[in-house]
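Summary of structural features
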Amino acid sequence: MQFKFKYIFIVSALFISVSISSQNKKQEGLEARRTQIQKDIVYINALLSNTKRAENNLLIDVKDLNDKIGKREELIAVISRESAELGNEIYLNQLEINKNQRYLEALKKDYAQMIYKSYKSKSQNSRIMFLLSSENFYQGYKRFQYMKQYSSFRKNQGEEIQQKIFEIQELTGTLVSKKKRKQELLTIKLQEQTVIQKEKKEQEGLLSQVKNKENKYKKQIRQFQKEERKIEAQIDRIIREAIAASNKNTSNTTSATFTLTAEAKELASKFTSNKGQLPWPVEKGYVSTYYGKQPHPIVKTATIQSNGVRITTDNGSKARAVFEGTVLSVQVMGGNLKAILIQHGDYITVYKNLESVFVNTGDKVKTKEEIGTIYTDKITGKTILGFVLSRNVTTENPASWIYKM
């Protein structure tokens, strides 16, 4: 009966241990994500508070507030998941403690019975008589071995009881610690919810002002999109010309894909294998405009199309190559700003809104090499890098390629 109980206990303990291990891994991932978001919020707040504007721009004020609210909402969501995972861990810990306590009680009961029986037959004479009453030497030897094993088993039982007491104390300490962590998380969540309520009230006030001048802002958005399309057309033309040049001495004259040398194919393969792991094109920053067709973040009746991402960063920040490659072109865009196109086999990365550049067409660049200084707008105080990634002439979402974008 005791063996059966022990077997059931071991199987149950193994199941709970595996569950706790799985929960711990999830918890560690969520904790790391929460810590990163908290750092992002501190960075964004510092970045925005350092922005000096020569004149007020309502759309930018609302956009900044949207960025902060978005990060806080993400933080609250992660805290909620982390708190739920902690709740699961606490439940599993309590199950483990309950299992150990039941097993400890069974051990103590069994040990007490053993001690009682040992006490009843503890006299030296009874042990000698037990041995002398053996029918032959072999039986006497077996009885002697039994007495030794019984004594050893009793000692092991006592040690196992002490070990179980220690395990229960350790689990109880962990349980108290996790309950404390959960309470701390709930406190942080409450604080963030309080801040976000204030920011949303401020947001409502600013949005009502935007509503009153919606047509004016729609016109600004359309003008910005028109300028972006000109830049995109210029970049598309450069890539197509480069493709045509690569196909010049081949039968592939009408294709919109690069004809690659063996070396270029190897580079493209390396680029592909690093999907999701490429470094950011800036040392520090956050995505302020995402890839694809989307409603304008403030004027919801307006739509914007982004072939890449826009990354807001510190004043004076440098653009960095996200992978080794060759500078395909350095272009001057509107407002005397510059763009750099880097070729990685049949992949192209584009770095826009640069005030100055450190490379020339044909230069070989390394991963994370600084290639130019990002322009800071004198009116808004914003330092924003435009980043585009494409394969041949087809743009792709940079968030799928850049690490944790």
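Computed from a prediction, not measured in an experiment: that's the story for all the values here.

Of all residues in the protein chain, 78% have pLDDT values of 70 or greater, and the mean over the chain is 81. Contacts of residues 1-5 to residues separated by more than four positions or lying in other chains number six contacts, the stretch itself having pLDDT below 50.

Bringing the pairing of strand β3 (residues 303-306) into the picture now. Taking every second residue as pointing to the same face, the buried face of β3 carries Ile304 and Ser306, while none of Thr303 and Gln305 on the other face is buried. Across four bridges, the pairing between strand β2 (residues 292-295) and β3 is antiparallel. Looking at the pairing, glycine 292 lines up with serine 306 of β3.

Spanning 33 residues, helix α5 (residues 214-246) covers 47 Å between terminal C-alpha atoms, matching the ideal 48 Å at 1.5 Å per step. Looking only at α5, the buried set comprises Glu214, Tyr217, Ile221, Gln225, Glu228, Ile231, Glu232, Ile235, Ile238, Ile239, Ala242 and Ile243.

Before going further, it helps to examine the packing of aromatic side chains. Under the defined criterion, the tally for this structure stands at five aromatic pairs. For the pair phenylalanine 271 and tryptophan 401, a centre-to-centre distance of 5.2 Å together with 35 degrees between the ring planes defines the contact as tilted. With phenylalanine 271 in helix α6 (residues 262-273) and tryptophan 401 in the segment after β12 (394-396), the pair connects residues that are 130 residues apart, well separated along the chain. An identical accessibility class is assigned to phenylalanine 271 and tryptophan 401; each is buried. Feature note: the residues Phe271, Phe323, Tyr347 and Trp401 constitute an aromatic cluster, connected by ring pairs.

The next subject is the layout of surface pockets. Where empty space is left can be seen by rolling a probe of water-molecule size over the atoms. There is about 1000 Å³ of room inside the second largest pocket. Asp40, Lys71, Trp280, Tyr286 and Val287 are the residues nearest the centre of the second largest pocket, which is lined by 35 residues in total. Going through the elements one at a time, α1 (2-49), α2 (58-120), α4 (137-212), β1 (286-289) and β2 are the ones with two or more residues in the lining of the second largest pocket. Split into classes, the residues belonging to the lining of the second largest pocket amount to 16 nonpolar, eight polar and 11 charged.

Along the chain, asparagine 45 turns up in helix α1. The exposure class of asparagine 45 is partly exposed, given its relative accessible area of 26%. As a C-alpha pair, asparagine 45 and lysine 68 span 23 residues in sequence and 7.5 Å in three-dimensional space. The contacts of asparagine 45, once residues within four sequence positions are left out, are Lys68 and Arg72.

The next point concerns the pattern of salt bridges. Overall, the coordinates contain 13 salt bridges when judged by the stated rule. Across the pair arginine 181 and glutamate 31 runs a salt bridge whose closest N-O atoms are separated by 3.2 Å. Note that arginine 181 is positioned in helix α4 and glutamate 31 in helix α1, a separation of 150 residues in sequence. In this structure arginine 181 comes out as partly exposed when scored by relative accessible area, which is 27%. In this structure glutamate 31 comes out as partly exposed when scored by relative accessible area, which is 31%. Among the salt bridges present, the one from arginine 240 reaches aspartate 236, with a minimum N-O distance of 2.9 Å. Of this pair, arginine 240 and aspartate 236 both sit in helix α5, four residues apart, which is roughly one turn of the helix. Using a relative accessible area of 42% as the deciding quantity, one classes arginine 240 as partly exposed. For aspartate 236, a relative accessible area of 26% corresponds to the partly exposed category. Connected through salt bridges with shared partners, the residues Arg72, Glu192 and Glu199 form a single ionic network.

Once that is clear, we can look at the side chain of glutamate 192. Considering the arrangement of structural elements, one finds glutamate 192 in helix α4. Of note is the side chain of glutamate 192, whose polar atom sits 2.8 Å from the side chain of arginine 72. The residues contacting glutamate 192, other than those within four sequence positions of it, are Arg72, Leu75 and Ile76.

The phi torsion of most residues other than glycine is negative, and most of the peptide bonds are trans. Despite not being glycine, lysine 368 shows a phi value in the positive range, around 70 degrees. Secondary-structure assignment places lysine 368 in the loop between β9 (364-365) and β10 (370-374). Positive phi values are uncommon outside glycine, yet lysine 404 reaches one of about 55 degrees. Topologically, lysine 404 is positioned in the segment after β12.

This part is about the nonpolar core. Core analysis: the biggest nonpolar cluster contains 45 residues, and Leu278, Ile340, Leu341, Tyr351 and Ile371 have the highest contact counts within it. Sorting the residues of this core by element identifies α5, α6, β4 (309-313), β6 (325-332), β7 (338-344), β8 (347-357), β10 and β11 (383-391) as the ones contributing at least two each. If you tally residues by element for this core, the top one is α5, at six residues. The next biggest cluster of nonpolar side chains, apart from the first, holds 15 residues, and it includes Leu58, Leu59, Val62 and Leu65.

Reading the values: rules and limits
- Residues numbered from 1 in each chain as written.
- Predicted model: local features only at pLDDT ≥ 70, side-chain atom pairs only at ≥ 80, totals over all residues.
- Heavy atoms only, no water.
- pLDDT = per-residue confidence, 0-100.
- Contact = heavy atoms within 4.5 Å.
- Buried < 20%, exposed > 50% of the residue type's maximum accessible area, 1.4 Å probe, protein only.
- Helix = DSSP H or I, 4+ residues; strand = E, 2+ residues; numbered from the N terminus.
- Pairing = 2+ DSSP bridges.
- Expected span 1.5 Å × (residues − 1).
- Phe/Tyr/Trp six-rings, centres within 6.5 Å; stacked < 30°, edge-to-face > 60°.
- 1 Å grid on protein atoms, 1.4 Å probe; cavity = no way out; pocket = protein on both sides within 12 Å on 5 of 7 lines; lining within 4 Å.
- Points joined across faces, edges and corners; volume = space filled by probe spheres on them.
- Nonpolar A, V, L, I, M, F, W, Y, C, P; charged D, E, K, R; others polar.
- Salt bridge = Lys/Arg side-chain N within 4 Å of Asp/Glu carboxyl O.
- Polar contact = N/O pair within 3.5 Å; in protein donor to acceptor, adjacent residues only side chain to side chain.
- Core = buried A, V, L, I, M, F, W, Y, C linked by side-chain atoms within 4.5 Å.

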